[in-house]
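Breakdown of the fold
Residue strings, one per chain:
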Amino acid sequence: MQGKLIVFEGVEGCGKTTQIQRSRDWLLARMTEIQPDVSIVVTREPGGTELGVGLRQLLLEERGQPMFERAELLLYAADRAQHVEQVLKPTLAKGGIVLCDRYTYSTIAYQGYGRGLSLSLIQQLNQIATGGLESDLTIWLDVDVEIGLSRAKARGKADRMEQAHLDFHRRVSQGYRELATAQPERIVRVNASPSEAIVQQQIQQILHNHLTQWHEQINN
Ligand code: Z5A
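Reference entry: report on the structure contained in this document. Quick caveat: nothing in here was measured; it's all calculated off a predicted structure. (Residues numbered from 1 in each chain as written. Predicted model: local features only at pLDDT ≥ 70, side-chain atom pairs only at ≥ 80, totals over all residues. Heavy atoms only, no water.)

1. Comments concerning the packing of aromatic side chains
As a reminder, the rule being used: To pair, rings of Phe, Tyr and Trp, with the six-membered ring standing in for Trp, must have centres within 6.5 Å; the planes then decide the type, stacked if under 30 degrees apart, edge-to-face if over 60, and tilted in the middle. Numbering of helices and strands runs from the N terminus, with a helix taken as a DSSP run of H or I at least four residues long and a strand as a DSSP run of E at least two residues long. For each residue, the accessible area found with a 1.4 Å probe, counting protein chains only, is set against the maximum for its type, and the residue is called buried under 20%, exposed over 50%, and partly exposed in between.
All told, the structure shown has two aromatic pairs when counted by the stated rule. For the ring pair Tyr110 and Phe168, a centre distance of 6.0 Å and an interplane angle of 55 degrees mean the geometry is tilted. Of this pair, Tyr110 sits in helix α4 (residues 104–114) while Phe168 sits in helix α7 (residues 166–182), and the two are 58 residues apart along the sequence. Residues Tyr110 and Phe168 agree in their burial class; the two are buried.

Next up, the structure:
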């Protein structure tokens, strides 16, 4: 099988980190049966490279001066450009499976729908940052923003983005909804409200269906 880029998206506290770890364990067990030498890489944006770790700190830590919206947008793009070249492309070229916590749709949802920056500008910037590398599958963990934020809050201190007000997060959520409606072949919705185990069952079914489809494409 060729390398595959599987992205997890959603609002804060939707359960991406939890579900990526569980999906990795499930994939590892399943792939030993069909392709034992495959590498499964878990990564994230921002912060999937050494440069990205520094950019993530700049982006998410509270500081005295406000960060302007276009500056924020460009920092996310810089993080992505480095991540694509250093981690995503090399892993995919070797036939690996990448499980990535956030990718281009985050910028559309947060900086586009959330901050109100031009969607066409963001699409151009995504194109520059990725060199055209698109996800093979995006799993959108859909949960009410209030539930997501309360989960994130229960976990610890809120960061700069999480402190932004509720309306912002509602616009982000609406962004994901519109993206999923417009691109049903790329973005698969998962109801992320139930327990971690139930959410994982839905994800395993989606992964199973896609793995089967990808294997059939090779054999035909
Ligand atoms: N951002 C952006 O604006 N533009 C961009 O282009 C990109 C990113 C790439 C950092 O993202 C920020 O960057 C983010 C968007 C912005 N804004 N903020 N803030 P991040 O992905 O690193 O951080 P996050 O979105 O805030 O993720 P998170 O809070 O770490 O949540 P999560 O990974 O989706 O959830 P989790 O850690 O798996 O779960 C949170 C808690 O809920 C935890 O205690 C779990 O045990 C619990 N949990 C998980 N699932 C469940 C269920 N099903 N039931 C009950 N409890 C659960």
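2. Some words on the side chain of Asp142
We count it as follows: In this analysis, two residues are considered to be in contact whenever any of their non-hydrogen atoms come within 4.5 Å of each other.
Mapped onto the elements of the fold, Asp142 is located in strand β4 (residues 137–142). The exposure class assigned to Asp142 is buried, which follows from its relative accessible area of 9%. Residues within four places of Asp142 in sequence aside, it is in contact with Arg177, Arg189, Val190, Asn191, Ala192 and Ser193.

3. Quick word on the pairing of β4
Two faces make up the sheet, and in a regular strand the side chains alternate between them. Our working rule: Should DSSP find at least two bridges between two strands, the strands are taken to pair.
Most of β4 is tucked away: six of the six residues are buried. Of the two faces of β4, the one holding Leu137, Ile139 and Leu141 and the one holding Thr138, Trp140 and Asp142 are both buried throughout. Pairing of strand β1 (residues 4–9) with β4 involves four bridges; the strand directions are parallel. Across the sheet, Glu9 pairs through a bridge with Trp140, a residue of β4. Looking at chain direction, β4 and strand β5 (residues 187–191) are connected through five bridges and run parallel. Bridge assignment links Trp140 to a residue of β5, and that residue is Arg189.

4. Here's the deal with the site of the ligand
Formally: If even one non-hydrogen atom of a residue comes within 4 Å of a molecule or strand, that residue is called near it. Here a polar contact means two N or O atoms within 3.5 Å. Within protein one must be a hydrogen donor candidate and the other an acceptor candidate, and residues neighboring in sequence count only if both atoms are side-chain atoms. In this description, accessible areas are obtained by the Shrake-Rupley approach with a 1.4 Å probe, and a residue is regarded as covered only by the protein chains that are shown. In this analysis, the protein atoms alone were mapped onto a 1 Å grid. Cavities are point sets where a 1.4 Å probe fits without being able to get out; pockets are open sets with protein on both sides within 12 Å along at least five of seven lines; lining residues have an atom within 4 Å of a point. Cavities and pockets are treated as containing a molecule whenever more than half of the molecule's atoms lie within 2 Å of their grid points. In this classification, Asp, Glu, Lys and Arg are treated as charged, Ala, Val, Leu, Ile, Met, Phe, Trp, Tyr, Cys and Pro as nonpolar, and every other residue, Gly included, as polar.
Neighbouring the ligand are 27 residues; Thr17, Thr18, Arg56, Arg102 and Thr107 lie closest to it. Between the ligand and Glu12 there is a distance of 3.0 Å, counted from a nitrogen atom to a side-chain nitrogen or oxygen. Between the ligand and Glu196 there is a distance of 3.3 Å, counted from a nitrogen atom to a backbone nitrogen or oxygen. Within the complex, the protein chains bury 86% of what would otherwise be the 1000 Å² of accessible surface of the ligand. In this structure, the ligand is accommodated by the largest pocket. Within the residue set of the shell around the ligand, elements represented by two or more residues are α1 (16–34), α2 (50–60), α3 (69–93), α4 and α6 (145–155). Here the shell around the ligand gets four residues from one element, more than from any other, and that element is α4. For the shell around the ligand, the per-class residue count stands at seven nonpolar, eight polar and twelve charged.

5. What to know about unusual backbone geometry
Glu45 connects to Pro46 through a cis peptide bond whose omega is -10 degrees. One can find Pro46 in the loop between β2 (40–44) and α2. Although it is not a glycine, Arg102 sits at a positive phi angle of roughly 80 degrees. Examined against the element boundaries, Arg102 turns out to sit in the loop between β3 (97–101) and α4. Using a relative accessible area of 12% as the deciding quantity, one classes Arg102 as buried.

6. Some words on the environment of Glu69
Of note, Glu69 is situated in helix α3. C-alpha separation for the pair Glu69 and Arg115, spaced 46 residues apart in sequence, amounts to 7.2 Å. Residues contacting Glu69, with those up to four places away along its chain left out, are Arg115 and Leu117.

7. Some words on the nonpolar core
Grouped burial of nonpolar side chains is what soluble globular proteins tend to show. Put simply, the rule reads: We define the nonpolar core as a collection of buried residues of types Ala, Val, Leu, Ile, Met, Phe, Trp, Tyr and Cys that are connected through side-chain atoms lying within 4.5 Å of one another.
The biggest cluster of nonpolar side chains holds 43 residues, and the ones touching the most others in it are Ile6, Ile97, Leu99, Leu137, Ile139, Leu141 and Ile203. Ranked by the residues each element gives to this core, the list is headed by helix α8 (residues 196–219), at six residues. Sequence-distant contacts of Ile203, defined by excluding residues within four places in its chain, comprise Phe8, Gln19, Ser23, Ile139, Leu141 and Val190. Formed by nine residues, the second largest nonpolar core is a distinct cluster that contains Val7, Val84, Val87 and Leu88.

8. Looking at the layout of surface pockets
Applied cut-off: Grid points are joined across faces, edges and corners, and a volume is the space filled by probe spheres set on the points.
Approximately 930 Å³ is the volume attributed to the largest pocket. Contributing to the lining of the largest pocket are 41 residues, with Lys16, Thr17, Arg56, Arg102 and Arg155 lying nearest its centre. Only α1, β2, α2, α3, α4, α6 and α8 provide two or more residues apiece to the lining of the largest pocket. For the lining of the largest pocket, the element with the most residues is α1, which contributes six residues. Looking at the lining of the largest pocket residue by residue, the class counts come to 13 nonpolar, twelve polar and 16 charged. Its boundaries defined by the atoms lining it, the second largest pocket holds a volume of some 270 Å³. In terms of lining residues, the second largest pocket is bounded by 14 residues, among which Thr104, Tyr105, Gln123, Asn126 and Glu134 are the most central. Among the elements of the structure, α4 and α5 (119–130) are those that each provide at least two residues to the lining of the second largest pocket. Looking at the lining of the second largest pocket element by element, the count peaks at four residues for α5. Looking at side-chain class alone, the lining of the second largest pocket contains four nonpolar, eight polar and two charged residues.

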